[in-house]
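# A closer look at the structure
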Amino acid sequence: MPRRGQRIKTRKAAAVKPSGPRTRRDDPLAAHPLTRYMHAHFEWMLTHGYSADTVRARRIALRRFIGWCAERDLNDVRAITAPVLERYQRHLFLYRKPDGQPLTLGSQHGCLAPLKTWFKWLVRERHIAFNPASELQLPKQPKRLPRSLLAVADVEAILHEAEPATPAGLRDRAMLELLYATGLRRMEVPALARYDVDLNRRLVFVREGKGRKDRVVPMGERAAAWLDKYLVEARPQLLAADTDALFVTDYGEPISPAWLAEKVKRYMAFAGIDRPGATHLFRHACATHMLENGADIRYIQDMLGHAHLATTEIYTHVAIDKLQRIHAATHPAGRLERRTADTEVMP
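Residues numbered from 1 in each chain as written. Predicted model: local features only at pLDDT ≥ 70, side-chain atom pairs only at ≥ 80, totals over all residues. Heavy atoms only, no water.

Bringing the pairing of strand β3 (residues 215-218) into the picture now. With burial as the criterion, only one face of β3 is covered, namely that bearing Arg215 and Val217; the residues Val216 and Pro218 on the opposite face remain uncovered. Both strand β2 (residues 203-206) and β3 contribute to a ladder of four bridges, which runs antiparallel. Within the sheet, the bridge partner assigned to valine 204 lies in β3 and is valine 217. (Buried < 20%, exposed > 50% of the residue type's maximum accessible area, 1.4 Å probe, protein only. Helix = DSSP H or I, 4+ residues; strand = E, 2+ residues; numbered from the N terminus. Pairing = 2+ DSSP bridges.)

What follows is about the packing of aromatic side chains. In total, this model carries nine aromatic pairs according to the counting rule given. A centroid spacing of 6.1 Å and a plane angle of 40 degrees characterise the contact between tryptophan 44 and tyrosine 50, whose relative ring orientation is tilted. A relative accessible area of 33% places tyrosine 50 in the partly exposed class. Ring geometry for phenylalanine 65 versus phenylalanine 119: centroids 6.3 Å apart, planes at 80 degrees, classification edge-to-face. With phenylalanine 65 in helix α2 (residues 52-71) and phenylalanine 119 in helix α4 (residues 105-124), this residue pair connects regions lying 54 residues apart in the sequence. Look at phenylalanine 65 and you get buried, because its relative accessible area is 0%. Put simply, the rings of Phe65, Trp68, Tyr88, Trp118 and Phe119 touch in pairs and so form one group of aromatic residues. Over the ring of tyrosine 37 we find arginine 36, and its NZ or CZ is 4.5 Å from the ring centre. The ring of tyrosine 95 is capped by arginine 64, whose NZ or CZ atom sits 4.9 Å from the centre of that ring. (Phe/Tyr/Trp six-rings, centres within 6.5 Å; stacked < 30°, edge-to-face > 60°. Lys NZ or Arg CZ within 6 Å of the ring centre and 35° of its normal.)

Here we come to the confidence of the model for the protein chain. Averaged over every residue, the pLDDT of the protein chain is 84; residues scoring 70 or more account for 84%. Taken element by element, the predicted model of the protein chain shows its lowest mean pLDDT in helix α11 (residues 309-312) (70) and its highest in helix α3 (residues 82-94) (96). Long-range and interchain partners of residues 339-347, a stretch whose pLDDT sits below 50, account for one contact in this model, where long-range means more than four residues apart. (pLDDT = per-residue confidence, 0-100. Contact = heavy atoms within 4.5 Å.)

Two residues of an α-helix separated by three or four positions point the same way, owing to the 3.6 residues in each turn. All of the buried residues along helix α10 (residues 297-304) are Ile297, Ile300, Gln301, Met303 and Leu304. Projected onto a plane normal to the axis of α10, the buried residues spread over an arc of 165 degrees and lie on a single side. Structural note: α10 exposes Arg298, Tyr299 and Asp302 on the side pointing more than 90 degrees away from its buried face. Where α10 begins, the capping side chain belongs to aspartate 296, and its oxygen is found 2.8 Å from the backbone nitrogen of arginine 298. (Arc of directions from axis to C-beta. Polar contact = N/O pair within 3.5 Å; in protein donor to acceptor, adjacent residues only side chain to side chain.)

This part is about helix α8 (residues 257-270). Spanning 14 residues, α8 covers 20 Å between terminal C-alpha atoms, matching the ideal 20 Å at 1.5 Å per step. The element α8 is largely enclosed, with a buried count of 10 among its 14 residues. Buried within α8 we find Pro257, Trp259, Leu260, Ala261, Lys263, Val264, Arg266, Tyr267, Met268 and Phe270. Check the buried side of α8 and you find it contacts α5 (152-161), α6 (167-182) and α9 (279-292). Of the residues trailing α8, glycine 272 is marked for its positive phi of about 75 degrees. (Expected span 1.5 Å × (residues − 1).)

Moving on: the packing of helix α1 (residues 33-47) against α4. It is at 11 Å that the axes of α1 and α4 come closest, and there the two elements cross at 90 degrees. Considering the angle they form, α1 stands roughly perpendicular to α4. Contacts between α1 and α4 pair Leu34, Tyr37, Met38, Ala40, His41 and Trp44 from the former with Thr117, Trp118, Trp121, Leu122 and Arg124 from the latter. For the contact of α1 with α4, the residue count by class is eight nonpolar, two polar and one charged. (Axes fitted to C-alpha atoms, helices over the stretch in contact; angles between N-to-C directions. Parallel < 35°, antiparallel > 145°, perpendicular 65-115°, else oblique. Nonpolar A, V, L, I, M, F, W, Y, C, P; charged D, E, K, R; others polar.)

Glancing now at the sheet that holds β3. Read across the sheet, three strands follow the order β1-β2-β3 without closing on themselves; strand pairing throughout is antiparallel. With one partner strand each, in any of the chains shown, β1 (197-198) and β3 form the two edges of the open sheet. In the sheet, β1 pairs with β2 via two bridges, with the strands oriented antiparallel. Across the sheet, valine 197 pairs through a bridge with valine 204, a residue of β2.

Let us now look at the side chain of serine 51. Position of serine 51 among the secondary structure elements: in the loop between α1 and α2. In contact with serine 51, other than residues within four places in its own chain, are Leu46 and Arg212.

Have a look at this one:
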């Protein structure tokens, strides 16, 4: 019986791969004086071991600030003072997105934190005499629980939507099984190479995950079996060029994080599961289900690659299976009492 809200599965026609280089748009901030300092800062970051993903995230934040400065004719880095940065912080607080919603405190924090490191670098490189962001107080980020969680039945329903009758379907099933078994991040799965998977010991080697840290993650028998089947039967048929990437697209090229998220979201729709998020839901499910079955939180921390235990502890607040059982067994109103023939009051 189909799930409520389940989408009818249809085979999408393969898209025609565009040919030729993409048309490059002119950058409106390319000539702004602050942009030169931004590029120099990013070059310093890359040469000192920061990852390209970190630079990409900070580029978005700094370009937003430079665009705000350009609208107010702030062209000299020495003209940016503490009051100017406070005005920008108020601008972020009062800003409204196209749907009328304000920026979350997390988004505001993400826009302001790179400014503190940027101005600290500007002082160290002697481009400015003092740091106007030294006293800038960042918004306090709330500790929120995951917006939605997948039950074991939900995950199984999504997994079974990937039909292994075709090479692409077998690839997708192995990919989903790996996500659920390991809790890898969206950026980590596309970075996997064939030699990063040890099927004999059922291990996955994550090279330079978040924070450029390596780690080893177990994956379980079922995920190893699906990966083995994919590597033997499907991957050779999908390959179009020589590549070490573990997962490849229908064109035979390495998958991208956006491609992976779109695939997961599509299979969620096939299973009738309408929840915000995609790959991160599998990461939450992996951690929560292991905790509910008795896993120690420190092992979960190592598996997920969290730098701080406090990040992992959030799953203890959502893994409440044991608490529910205790509540049902001990609370006076925890169970719905049923009348029996012996206890019923006769009229």
